[in-house]
Every structure is written in C-alpha cells, then in structure tokens.
Amino acid sequence: MQRPATVLITALAPVSWGTTYAVTTEFLPADRPLFTALTRALPAGLLLLAIARVLPRGIWWGKAAVLGALNIGAFLPLLFLSAYRLPGGLAAVVGSVGPLFVVGLSALLLGQRPTARTLLTGIVAASGVSLVVLKAAGALDALGVLAALASTASMSAGTVLTKKWGRPDGVGPLALAAWQLTVGGLLIAPVALLVEGAPPALDARAVGGYLYLVLANTAVAYWLWFRGIGRLTATQVTFLGPLSPLTAAVVGWAALGQALTAVQLAGMALAFGATVAGQLGPRTTPAPTARPLTSSERNAREDSMDLTGPALRR
C-alpha cells in the first residue's frame, strides 16, 4: 500500500479520538475518569483478543505490559481527567505537543536525527498550543492542562517504543492492539475501584456512549493506529495528532456551541498546519525483492489477514 493511503487510514484514529471529549462530557457519568478509561479499554482489548487469538510469548509478555501501561494504562485515565476538566477543543489541542516529545524520544531510542523541518514543524505546533493555552489561562484548569500534557507524553513514549520493538513474527497490529488494551485495562481496574468505588448507574444515553467508545473509538481506532506505526515513521504518525483537536473543535463548535477567540483559532491553525508538514518526509526506497523478507516486511504482508487471525499460540 502506498504511503498516502496509509496516512489517510491511520488518520481515522485521531479523528475518532477527537470525538472523545464531546462524548465524555455529554453522554457519560460525571467525574468518573478511571471508570470511563476502564470501560473503554478492557472490553475493547478482550474483543480484539478474541478475534486475533494470539497471546504474547517470551519477552513479549514484558514488552506488552510496558506498551500497555504507556499507551493505555496511563494515557487513558489522564486523557479522561483532562476531558472532564477542560473544554473539548482546548483539551485536545494540548496534545499537539506530542510531535516534540516524539522527536526527542526518537533521537534517543531510535537514533533518528531530527531534521530542521521536523523541528520547525514541532515548534510551530507547540507555538499554536501556547497561543491557545496562554490566551485562555485564566479560564483553564491547571490540573486539566497537566493531565493533558502527561497523557500526551505517555502516548508519545509508547509510540516510539512500539516503533522500536516492532511486532513478533506472525503477529499483526490487531493482536498488538489487543494485548495493550487488555493489559492497560487490567492496570486501570484496581485503581478505579480503589479511587472511585463501585461503578455508577448507567442510563441508556451512557450505555450508548460507552458502546461507541469501546467499538469505534477504541477497538477499531487503536488497530488502525498500531497498523500505521508499523508502516510510517514515529514522527509521521505523531504529526497526525493535531487531527484530534481539529475534530474536537469542529464537534464542539457545531454541536456544543463552544466558542474560541481569534487568537486561539490562529493557534489551532498553526498546530493543524503541522499535520500536513509532518507527512512530507522523504519516502523510503523499496528494498530489493531478491533478498529474504525481514520481520517487519512479513508483518506488513500479514496486516491484511489480521481479522481472521492465526490459531491461539501456546
């Protein structure tokens, strides 16, 4: 598959995640970020695990635990904490600093030297975020901003490590997403019980909101996200992040009546513009077909077979 198509398919994940904030504030029980994170992650993980029918083996038990903690176990509770305490568009746009985190971590862990354009694009994205946050500093909740930044840092670290470790032979992104969602959900469960107590009563509106989060917003979106990480660079993937605040802002404006100042809109435009610039890296030259396929190439061939999944590995 050519890179433009891969980028577009991967972009569906952050677009879906951009609706999280509106769903959280309008459909779900108030002030239950841990329960919401648990309900979103664990059912989706178990569903994907049942479809993929693949368990980790050997060292991948530990790697899956680390990735699950970063991408799910820490990320989702912090994400929902920020969603409960900040307006949706503002909570999401803070995540635009993700490219800067990924650029730094890629240099440390992947040995990828950042180009001048990548650094400039990351700075532009961060500048846009600063305009939004500083302009509205008096109205923003400090804990909400810190939670949004921490969730972005956690997901950025998980993205880079996912790229560094790849996937085991014969394992596709569907199984990788299943492992991480399941591990993350299991990590969240005891904390949610201790901090928030018993689950709240749910009405039909809340049930519908949770079903959307579990299926489209999590199971499908994370499968597409990890699929994209396997085919694009970590920097290219993370520069899709501003699509989440773009979606959140559009939903907030169209459905929730949220307004932003001209300065804040300019800041968001800078952050969103970084999405396009972040995808303009040099294309990778295809490898000669005369040599044996590498593990990553075999995984890419198997991506199209993820929905059927191999038999359970013992």
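Look up a bit, the structure's there.
Not measured: the values here are computed from a predicted model.

Novice: How would you explain the packing of helix α6 (residues 98-109) against helix α8 (residues 142-165) if you had to name every residue and give the values?
Specialist: In helix packing, the relevant descriptors are the interaxial angle and the interaxial distance, both defined with respect to the helix axes. Where α6 contacts α8, the two axes come as close as 9 Å, and the packing angle between them is 40°. The handedness of the crossing between α6 and α8 comes out as right-handed. Contacts between α6 and α8 involve Gly98, Phe101, Val102, Leu105, Ser106 and Leu109 from the former and Leu149, Thr152, Ala153, Ser156, Ala157, Val160, Leu161 and Lys164 from the latter. For the contact of α6 with α8, the class distribution of residues is nine nonpolar, four polar and one charged.

Novice: So what about the side chain of Thr20? Which residues, and what values?
Specialist: Its place among the elements puts Thr20 in helix α2 (residues 20-27). Other than its neighbours up to four places away in sequence, Thr20 contacts Arg40, Leu79, Phe80, Leu213 and Asn217.

Novice: So what's going on with the pattern of salt bridges? Which residues, and what values?
Specialist: Side-chain pairs of opposite charge can arise whenever the charged atoms involved come near each other. Tallied over the entire structure, the rule returns two salt bridges. Glu196 is the salt-bridge partner of Arg32, the closest N and O atoms lying 3.3 Å from each other. Taken together, the positions of Arg32 in the loop between α2 and α3 (33-52) and Glu196 in helix α9 (residues 173-196) put the pair 164 residues apart, joining distant regions of the chain. With a closest N to O distance of 2.8 Å, Asp141 and Arg85 form a salt bridge. Here Asp141 is found in the loop between α7 (116-135) and α8, whereas its partner Arg85 is found in helix α4 (residues 60-85), with 56 residues between them in sequence. Using a relative accessible area of 38% as the deciding quantity, one classes Arg85 as partly exposed.

The rules behind these values
- Residues numbered from 1 in each chain as written.
- Predicted model: local features only at pLDDT ≥ 70, side-chain atom pairs only at ≥ 80, totals over all residues.
- Heavy atoms only, no water.
- Axes fitted to C-alpha atoms, helices over the stretch in contact; angles between N-to-C directions.
- Helix = DSSP H or I, 4+ residues; strand = E, 2+ residues; numbered from the N terminus.
- Left-handed = near helix turned anticlockwise from the far one by under 90°.
- Contact = heavy atoms within 4.5 Å.
- Nonpolar A, V, L, I, M, F, W, Y, C, P; charged D, E, K, R; others polar.
- Salt bridge = Lys/Arg side-chain N within 4 Å of Asp/Glu carboxyl O.
- Buried < 20%, exposed > 50% of the residue type's maximum accessible area, 1.4 Å probe, protein only.

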